[in-house]
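Structural overview for review
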Amino acid sequence: MQTPTTMVTGFTRYWQYRDLVRNLVTMNLKVRYQGAALGFLWSLGNPLALIILYDIVFTHIFRTNLRDYVLYLVIGVLHFNLFALTVTQSCESLTGSAGLLQKIYFPRILIPAASLLFNLALWVVAIFVLVVLYPFLGGVYHWGLLLYPAALLLYIAFIWGLVLTFSVLNVEFRDLKHLIEIAMMFLFWLTPIVYDPSTLHPDVRAVIGLNPLTQFFDLFHALLYQGVLPQWDHVLAAGVWTLVSLTVGMTLFNRKARMLVEDL
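Quick look at the structure, then. (Residues numbered from 1 in each chain as written. Predicted model: local features only at pLDDT ≥ 70, side-chain atom pairs only at ≥ 80, totals over all residues. Heavy atoms only, no water.)

**Remarks on the packing of helix H4 (residues 69-90) against helix H6 (residues 110-133)**
What counts, and what does not: Here the axes come from fitting lines to C-alpha atoms, over the contacting stretch only for helices, and the angles between their N-to-C directions go from 0 to 180 degrees. Numbering of helices and strands starts at the N terminus; helices are DSSP runs of H or I of at least 4 residues and strands are runs of E of at least 2. We call two directions roughly parallel when the angle between them is under 35 degrees, roughly antiparallel when it is over 145, roughly perpendicular when it lies between 65 and 115, and oblique otherwise. Crossings are sorted by hand: turned counterclockwise from the far helix by less than a right angle, the near helix makes the crossing left-handed, and turned clockwise it makes it right-handed. The contact definition used throughout considers only heavy atoms, calling two residues in contact when any of these lie within 4.5 Å.
It is at 9 Å that the axes of H4 and H6 come closest, and there the two elements cross at 170°. By the angle between their directions, the pair H4 and H6 is classed as roughly antiparallel. The handedness of the crossing between H4 and H6 comes out as right-handed. Where H4 approaches H6, its residues Leu-71, Val-74, Ile-75, Leu-78, His-79, Leu-82, Leu-85, Thr-86, Gln-89 and Ser-90 are matched on the opposing element by Ser-115, Leu-116, Phe-118, Asn-119, Leu-120, Trp-123, Ala-126, Ile-127 and Leu-130.

The following block contains the structure:
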């Protein structure tokens, strides 16, 4: 078990490479929008178009009995996109940086960290659009919203554990990314994004409850959609899944980090 002194020393070591991480994130952003006239502003287009499209379709064409369904749907889709894109792209974070890893020594964990931060940078723009349109979609401001950053940090920590796990596993199993892309399509429908779990059959609801993402999405929907505090059993379940994800990810990454260059 790490002592506080060891943790501070480790953080200080990684902090020395902050310029490298910033350059990696900046480079990925420049490559993504290279040659685009509006550059980074295009990142506003996707979430804005998504919200407008959902509003047109589910308000005027396919109506549903769920109150403020567009808000419910957007909250789910945006948070799932963060998970799906980050985890999927993490598979190639190490293999895609093989040249850099073989030329320069630095903590290997900074590569998946840069991948996570890159996706977070894009996702923050999408959340900004949601914040602006939140009251127009039926959202209500309440004191419980102050807990949303804590729920989001818990979610990001859960994702971080998976990023570490899949980034090192893909070095040995290069088909992993394709398997995860397929798994994401199933996971989307096993997560309460387009439906309310309370409307499902109890047996189906029990299966949905086994999905770790269900616990996090219950937190997000409670705070952002229902305007209430999340249930403590959901908070506890999300915390347990985060702890498991971080433990497996850090353990696996630390064990395989020394052999990464040879395997690449």
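Back to the write-up after that little detour.
**Concerning a nonpolar patch on the surface**
Cut-off, in case you're wondering: Patch construction takes residues with relative accessible area above 30% that form no salt bridge. Like charges are linked within 9 Å, and nonpolar side chains (Val, Leu, Ile, Met, Phe, Trp, Tyr) are linked within 5 Å. For every accessible area listed, the method is Shrake-Rupley and the probe measures 1.4 Å; residues are considered covered only by the protein chains on display. Salt bridge, as used here, is a side-chain nitrogen of Lys or Arg placed within 4 Å of a carboxyl oxygen of Asp or Glu.
Where nonpolar side chains cluster on the molecular surface, the patch consists of Ile-182, Met-185, Phe-186, Leu-190 and Val-207 and spans about 500 Å² of accessible area. In terms of residues, the nonpolar patch owes the most to one element, helix H8 (residues 176-189), which gives three residues. Tracing the sequence through the fold places Phe-186 in helix H8.

**Thoughts on the environment of Pro-135**
Short version of the rule: Note on classification: 1.4 Å probe, protein chains only; a residue is buried when its accessible area is under 20% of the maximum for its type, exposed when over 50%, partly exposed between these limits.
As for its position among the elements, Pro-135 is in the loop between H6 and helix H7 (148-172). Assessed through its relative accessible area of 37%, Pro-135 is described here as partly exposed. Spatially, the C-alpha atom of Pro-135 lies 9.5 Å from that of Leu-71, the residues being 64 residues apart in sequence.

**Considering the pattern of salt bridges**
This model, assessed by the stated rule, comprises four salt bridges. Its salt-bridge partner being Glu-172, residue Lys-256 comes within 3.0 Å of it at the nearest N-O pair. Taken together, the positions of Lys-256 in helix H11 (residues 232-256) and Glu-172 in helix H7 put the pair 84 residues apart, joining distant regions of the chain.

**Concerning the nonpolar core**
Quick reminder of the rule: Throughout this description, the term nonpolar core refers to a set of buried Ala, Val, Leu, Ile, Met, Phe, Trp, Tyr and Cys residues connected via side-chain atoms within 4.5 Å.
In terms of nonpolar packing, the biggest core is built from 73 residues, with Phe-80, Phe-83, Tyr-155 and Ile-159 touching the most fellow members. Elements that contribute at least two residues to this core include exactly helix H2 (18-32), helix H3 (45-61), H4, H6, H7, H8, helix H10 (212-226) and H11. Every residue in contact with Phe-83, bar those within four places of it in the chain, is listed here: Tyr-155, Phe-158, Ile-159, Leu-162, Met-184, Leu-187 and Leu-213.

**Observations concerning the side chain of Ser-93**
Keep this limit in mind: Any pair of nitrogen or oxygen atoms within 3.5 Å is treated as a polar contact; in protein, a donor-acceptor pairing is required on top of that, and neighbouring residues in sequence qualify only through side-chain atoms on both sides.
Of note, Ser-93 is situated in the loop between H4 and helix H5 (98-103). Given a relative accessible area of 9%, Ser-93 falls into the buried group. At a separation of 2.7 Å, a polar atom in the side chain of Ser-93 contacts the main-chain carbonyl oxygen of Ser-90. In contact with Ser-93, other than residues within four places in its own chain, are Ile-111, Pro-112, Ser-115 and Ser-167.

**Side note on the environment of Gly-76**
Mapped onto the elements, Gly-76 comes out in helix H4. You can call Gly-76 buried: its relative accessible area is 0%. Through-space distance from the C-alpha of Gly-76 to that of Phe-220 is 8.1 Å; in sequence the pair is 144 residues apart. Those residues within four positions of Gly-76 in sequence are excluded, and the remaining contacts are Ile-193, Phe-217 and His-221.

**Focus on unusual backbone geometry**
Unlike most non-glycine residues, Asp-68 shows phi in positive territory, near 45°. Structurally, Asp-68 can be placed in the loop between H3 and H4.

**Side note on the packing of aromatic side chains**
Selection criterion: Here is the rule: rings of Phe, Tyr and Trp (six-membered ring for Trp) pair when centre to centre is within 6.5 Å. Planes less than 30 degrees apart are stacked, more than 60 are edge-to-face, and the remainder are tilted. The rule for a charge over a ring is simple: NZ of Lys or CZ of Arg within 6 Å of the ring centre, and within 35 degrees of the ring normal.
Counted under the stated rule, the structure contains 12 aromatic pairs. Where Phe-83 meets Phe-158, the ring centres are 6.3 Å apart and the plane angle is 15°; that geometry is what we call stacked. Pair noted here: Phe-83 is in helix H4 and Phe-158 is in helix H7, with a separation of 75 residues, a long-range link. By the burial criterion, Phe-83 is buried, and Phe-158 matches it. With a centroid separation of 5.1 Å and 80° between ring planes, the pair formed by Phe-188 and Trp-189 is classed as edge-to-face. The class of Trp-189 is exposed, set by a relative accessible area of 54%. Just above the ring of Tyr-225 sits the side chain of Arg-67; from NZ or CZ to the centre is 4.9 Å.

So far we have only geometry, and geometry alone does not tell us how the molecule works.
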